[in-house]
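Listed below are the residues making up each chain.
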Amino acid sequence: MAINLIRVYNPTLLSSSKVYQVDGTFYRYLGDSGTIQHPQFLFSPLPNQKKKASLRLNRNKLIIRCYEVEGMVYSKPVVQDNSQQLQLF
């Protein structure tokens, strides 16, 4: 299965429901922080990824290192009451 990557040129198009690849690791977009002159974009790795730390990129690093994974959508895992009970034991 080939993964199509689309380079992120416009930070305003970032979405928390899309999956992004930065340096070979899949991330989801959390939001932005910083100032208008120096914005920073926050990413969190998806579950079961080798890297566990969140990532903070400025605009230049975002354009160079960040790619949108075409066709991949992030949705929060649904936890059922039964599975949560089993995890406690």
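Asker: So, the overall build of the protein chain: which residues are in play, and what are the values?
Answerer: From N to C terminus, the protein chain includes 2 helices and 6 strands. For the protein chain, the α and β elements follow one another from N to C terminus as β-β-β-β-β-α-β-α. Going through the 89 residues of the protein chain one by one, you find that 29% of them count as buried. When contacts within the protein chain are restricted to residue pairs at least 6 apart in sequence, long-range pairs at least 24 apart make up 48% of them.

Asker: Kindly report on the packing of aromatic side chains, identifying the contributing residues and their values.
Answerer: In total, this model carries 2 aromatic pairs according to the counting rule given. Ring centres of tyrosine 20 and phenylalanine 43 lie 5.8 Å apart, and the angle between their planes is 75°; on these two criteria the pair is classed as edge-to-face. Of this pair, tyrosine 20 sits in strand 2 (residues 18-22) while phenylalanine 43 sits in strand 4 (residues 39-45); the two residues are 23 residues apart in sequence, bridging distant segments of the chain. The pair formed by tyrosine 20 and phenylalanine 43 is uniform in burial state, with each residue classed as buried. Counting every residue linked through ring pairs, the aromatic cluster contains Tyr20, Tyr29 and Phe43.

Asker: An account of the pairing of strand 6 (residues 66-73) is needed here, citing residue identities and associated values.
Answerer: Sheet analysis places strand 1 (residues 5-7) next to strand 6, joined by 3 bridges and oriented antiparallel. By the bridge assignment for strand 6, arginine 7 is matched with tyrosine 67. Sheet topology places strand 2 next to strand 6; 4 bridges connect them, and they run antiparallel. Residue pairing across strands places valine 22 opposite cysteine 66, the latter belonging to strand 6.

Asker: Would you mind going over the sheet that holds strand 1 in detail, with residue names and values included?
Answerer: A sheet is described by the order of its strands in space; here 6 strands give the open sequence 1-6-2-3-4-5, paired in antiparallel fashion. The open sheet is flanked by strand 1 and strand 5 (55-58), the only strands paired with a single partner. Within this sheet the neighbouring strands show an average axis-to-axis angle of 45°, counted without direction.

Thresholds applied
Residues numbered from 1 in each chain as written. Predicted model: local features only at pLDDT ≥ 70, side-chain atom pairs only at ≥ 80, totals over all residues. Heavy atoms only, no water. Helix = DSSP H or I, 4+ residues; strand = E, 2+ residues; numbered from the N terminus. Buried < 20%, exposed > 50% of the residue type's maximum accessible area, 1.4 Å probe, protein only. Contact = heavy atoms within 4.5 Å. Phe/Tyr/Trp six-rings, centres within 6.5 Å; stacked < 30°, edge-to-face > 60°. Pairing = 2+ DSSP bridges. Axes fitted to C-alpha atoms, helices over the stretch in contact; angles between N-to-C directions.

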